[in-house]
Amino acid sequence: MERTLIAPGVHLSCDPASKFNRCRISIHFAFPAQRKTATAHALLPLVMERGYADCPDMTRLTKKLAKLYGADLTVDARPMGCNHNLCVSVTGIKNAFALEGEALTAEYTKIALGAAFHPYLVDGCFDPQAVSIEKQMLKKGLEDEINDKRIYCLHQANREFFGDSPAGVRQEGYLEEVEGLTARQLTDAYYEMLRAASIELIVLGCGEAQTEAVKNALLEELSQVERAPAALAENMAMPRREPLYKTETFDTTQAKLCMLFTLGQPMQPGQLAAALDQIGARGFNMECIKSRPLPHVPFEYYFYVQIVCPAGSTGAGCQTLLDTLTSVCSTLRLLGAFTLDSTEK
């Protein structure tokens, strides 16, 4: 792959990849990871992927991509050593495969540059509603980290090993900071990224003329930005230390219930909703529901549900739920209850 410097802090890498029928245009923003902005930069790609100025919501963006033969826009972030790397990428079929000769590469370029340089703003800030929604998604992702034992242990090992060094910055964000993050703070982090990031433009599967057009379009966008690219942080080596063995113990009172129930024949309007309402009204969360027809009984179904008990729930609370469901269901069968008193990692 050929790599050339096209502007201060901006490189172009390209490969015609002639044997493939798809092409990709990616814009990478790389900059040193900082503790104070780590959570904002973790949230940024989630908000940017929802749309941009010309397609300000996910519905319009989805329709636009569908018209381009199912093109795909992704905005994600990934660690690159001690640096943060945000990538805006558009993938789709090449111009040669367009049924009506459309200039697809030009459209991909507009989408990639739109998502990267023209986000949808409300009164000069990212849309507060979109920020609020994606904050909850980021928060849930961070909370769920503990459920993946391998990922959790790897992250904990990195945090223990690197400590307060630049390599120890949690680029996935800090759970305790998510709720307090504002649209203004996110917008400031975005503009600082445009100013200080080293940019890598990667064009795959495009001819020389198309690649040149993409490069010129990027340079035109950058001419409107006041830039001062910061030097990327170098990889660092930590001093040798003795092996550390660490055990974390978590007290858990959460349990799961699995059950089958039927609602009688014929099932009355609202009868299933009434049963499910009883689950939510008592603080339980339904994780899974499946329906299957009862053999040899026309138009009657049995329902399989998996329920997560609320934290701190007791056996008496679970029994109360079962008693309530018995009163609204034709039949109820408890398949199993799974409880962990403690989990050691």
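Refer to the structure presented above.
Residues numbered from 1 in each chain as written. Predicted model: local features only at pLDDT ≥ 70, side-chain atom pairs only at ≥ 80, totals over all residues. Heavy atoms only, no water.

Asks: Now, about the sheet that holds strand β1 (residues 2-7): what can you tell me, with residues and values included?
Replies: One open sheet accounts for 6 strands, arranged β1-β2-β8-β3-β5-β4; its pairing is mixed. Two strands in the sheet have a free side with no partner beyond their single neighbour: β1 and β4 (72-80). Going from strand to strand, the sheet's axes swing by 20° on average, the running direction of each strand aside. Where β4 meets strand β5 (residues 83-93), 9 bridges bridge the pair, whose relative direction is antiparallel. Its bridge partner being in β5, Val 75 is matched across the sheet by Val 88. Along the sheet, helix α8 (residues 208-222) contacts β1, β2 (10-15), β3 (22-32) and β8 (198-204); its crossing angle with β8, the most-contacted strand, is approximately 155°. (Pairing = 2+ DSSP bridges. Helix = DSSP H or I, 4+ residues; strand = E, 2+ residues; numbered from the N terminus. Axes fitted to C-alpha atoms, helices over the stretch in contact; angles between N-to-C directions. Contact = heavy atoms within 4.5 Å.)

Asks: Please provide a residue-by-residue account of the packing of aromatic side chains, values included.
Replies: The geometry of an aromatic ring pair comes down to the distance between the two centres and the angle between the two planes. According to the stated counting rule, one finds 5 aromatic pairs in the structure shown. Judged by centre distance (5.9 Å) and plane angle (65°), the ring pair of Phe 29 and Phe 117 falls under edge-to-face. Pair noted here: Phe 29 is in strand β3 and Phe 117 is in helix α3 (residues 104-117), with a separation of 88 residues, a long-range link. Residue Phe 29 is classed as buried on the basis of its relative accessible area of 0%. Seen from the ring of Tyr 174, Arg 35 lies directly overhead, with NZ or CZ sitting 3.6 Å from the centre. (Phe/Tyr/Trp six-rings, centres within 6.5 Å; stacked < 30°, edge-to-face > 60°. Buried < 20%, exposed > 50% of the residue type's maximum accessible area, 1.4 Å probe, protein only. Lys NZ or Arg CZ within 6 Å of the ring centre and 35° of its normal.)

Asks: Any chance you could break down the pattern of salt bridges for me, citing the residues and the numbers?
Replies: Tallied over the full model, the rule gives 15 salt bridges. Across the pair Arg 184 and Asp 188 runs a salt bridge whose closest N-O atoms are separated by 3.3 Å. Here the residue Arg 184 and the residue Asp 188 both occupy positions in helix α7 (residues 183-196), the gap between them amounting to 4 residues, near one helical turn. Among the ionic contacts, a cluster of salt bridges with common partners joins Lys 64, Glu 107 and Lys 110. (Salt bridge = Lys/Arg side-chain N within 4 Å of Asp/Glu carboxyl O.)

Asks: How would you summarise helix α4 (residues 128-143) if you had to cite specific residues and measurements?
Replies: In a regular helix each residue adds 1.5 Å, so 16 residues correspond to 22 Å; α4 covers 22 Å between its end C-alpha atoms and thus fits that length. Taken together, the buried positions of α4 are Ala 130, Val 131, Glu 134, Lys 135, Leu 138 and Leu 142. Down the axis, α4 shows its buried residues gathered within 135° of arc, on one side only. Looking at α4, the residues exposed on the side facing more than 90 degrees away from the buried face are Gln 129 and Met 137. Elements that come into contact with the buried residues of α4 comprise α1 (38-48), β7 (125-126), α6 (175-178) and α7. (Expected span 1.5 Å × (residues − 1). Arc of directions from axis to C-beta.)

Asks: Which residues make up the nonpolar core, and what values go with them?
Replies: Nonpolar side chains in soluble globular proteins tend to be buried together. By size, the foremost hydrophobic cluster in this structure holds 57 residues, and its most contacted members are Phe 29, Leu 73, Tyr 108 and Met 193. For this core, the leading source of residues is α3, giving 8 residues. Setting aside anything within four residues of it in sequence, one finds Phe 29 in contact with His 84, Asn 85, Leu 86, Ala 116, Phe 117, Met 193, Leu 194, Ala 197, Ser 198 and Ile 199. With 17 residues, the next largest nonpolar core counts Ala 275, Phe 284, Val 305 and Leu 325 among its residues. (Core = buried A, V, L, I, M, F, W, Y, C linked by side-chain atoms within 4.5 Å.)

Shape is all these values report; function is a separate question.
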